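A look at the structure
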Amino acid sequence: MLDIFKKAQENKYAVGAFNVSNLEQIKAIFLAAQNLKSPIIISASEGEAEFIGKKHLRAIIDSYKKETGVEVILHQDHGKSFETIKDSIDAGYDSVQFDGSKLSFEENIEKTKRIVEYAQSKGVKNVEAEFNHLEGQSALIEKIELKKENFTDPSQAKDFVERTGVDALAVVIGNLHGVFKDCQNPKLDIDRLKEIREAVGQDVNLVLHGGSGIAEDDIKEAVKNGIVKINVNTELRMAYTNSLKKTLEDNPDQITPYKIMPLVVEAVQKVVEEKIKLFGSDNKL
Ligand code: 13P
């Protein structure tokens, strides 16, 4: 198991996995982590990584890591194919997620196993998988009614991790991607989480996707009951875009990027700092 998760499990906190696609977001996340002495995961989806470039992302993160001393891993978020994952591993990622949640259970197991084998052959110590599809997208979304029958089933989770040999599993326990426009996101099913934890054992890291918009008490309970990685994207995107819009509205004649972007970086940093404190990963470097 990667050290970053071993320490989180032992000390009962979760590490934030923050999505990025540009330098301002990376800068904001490192400033927050440095300020609060927190380990972090920098995450990029297929689209985000395509925009910034996987090798550039690796190089920028290495540079910040060296300068700040922050413990960080680079993670592929929702890789949908073997080729995507291979490309990320070959670009030097520390951790990958294969999302086969749209495949049948058996096909997902088969493909995940192949990815685990490739990752292990390249010394990558964290492969995360997903077999229940997580609804929504990282945006402001209309309310969705979640069905309990689509939540992660503990015995299926045990079967999946045993047969694939994955290091981490993304669970569906009432979480979704995105933030509801008009109301609070749904409550998490903490009892279900406890059952999953019990079924899969301590060697598998449990991951909570859709970390935006969840009530603080639910996040604390989830961390208490075994979640060690929490993915956050929508709230960072909102902070970035709202701040950028406001800065441009307030300064219509300003055209200099380095004078426009500091307030945007500050807005994203603030959200990351709130999440770090909520997940309990502050003062853990
Ligand atoms: P949110 O956009 O809801 O924070 O979810 C992010 C995520 O789970 C990325 O995998």
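Attention in this report is confined to the structure presented alongside it. (Residues numbered from 1 in each chain as written. Predicted model: local features only at pLDDT ≥ 70, side-chain atom pairs only at ≥ 80, totals over all residues. Heavy atoms only, no water.)

In the vicinity of the ligand lie 15 residues, with Ser138, Gly178, Gly210, Ser212 and Thr234 positioned nearest. A distance of 2.9 Å separates an oxygen atom of the ligand from a polar atom in the side chain of aspartate 77. Backbone polar atom of glycine 210 to an oxygen atom of the ligand: 2.8 Å apart, as the coordinates give it. Taking 310 Å² as the accessible area of the ligand by itself, protein coverage stands at 99%. Those elements that place two or more of their residues in the shell around the ligand are strand E3 (72–79), strand E8 (177–180) and strand E10 (227–232). (Near = heavy atom within 4 Å. Polar contact = N/O pair within 3.5 Å; in protein donor to acceptor, adjacent residues only side chain to side chain. Areas by Shrake-Rupley, 256 points an atom, 1.4 Å probe, with all protein chains shown as cover. Helix = DSSP H or I, 4+ residues; strand = E, 2+ residues; numbered from the N terminus.)

Even without being a glycine, lysine 37 presents a positive backbone phi close to 55°. As for its position among the elements, lysine 37 is in the loop between helix H2 (23–36) and strand E2 (40–44). Non-glycine residue asparagine 283 carries a positive phi angle of around 55°. Inspection of the secondary structure puts asparagine 283 in the segment after helix H11 (257–279). Looking at asparagine 283, the relative accessible area reads 57%, which means it is exposed. (Buried < 20%, exposed > 50% of the residue type's maximum accessible area, 1.4 Å probe, protein only.)

A few words now on the side chain of threonine 164. Mapping threonine 164 onto the fold places it in helix H7 (residues 154–164). The class of threonine 164 is buried, set by a relative accessible area of 5%. Engagement of the side chain of threonine 164 in a polar contact is seen with the backbone oxygen of phenylalanine 160, the distance being 2.7 Å. A polar contact is formed between the side chain of threonine 164 and the backbone nitrogen of valine 166, at a distance of 3.4 Å. Not counting residues within four places of it along the chain, the set of residues in contact with threonine 164 comprises Ile109, Thr112, Lys113 and Val116. (Contact = heavy atoms within 4.5 Å.)

The next thing to look at is the environment of serine 63. Along the polypeptide, serine 63 turns up in helix H4 (residues 54–68). A relative accessible area of 45% means that serine 63 is categorised as partly exposed. Sequence spacing of serine 63 and lysine 229 is 166 residues, and the spatial spacing of their C-alpha atoms is 23 Å.

Here we come to the nonpolar core. In terms of nonpolar packing, the biggest core is built from 73 residues, with Phe30, Ile40, Ile42, Leu57 and Ile230 touching the most fellow members. With 10 residues, H11 is the largest single contributor of residues to this core. Not counting residues within four places of it along the chain, the set of residues in contact with leucine 57 comprises Val20, Ile26, Ala44, Ile52, Leu74 and Tyr93. (Core = buried A, V, L, I, M, F, W, Y, C linked by side-chain atoms within 4.5 Å.)

Such coordinate-based values are descriptive only and should not be taken to indicate function.
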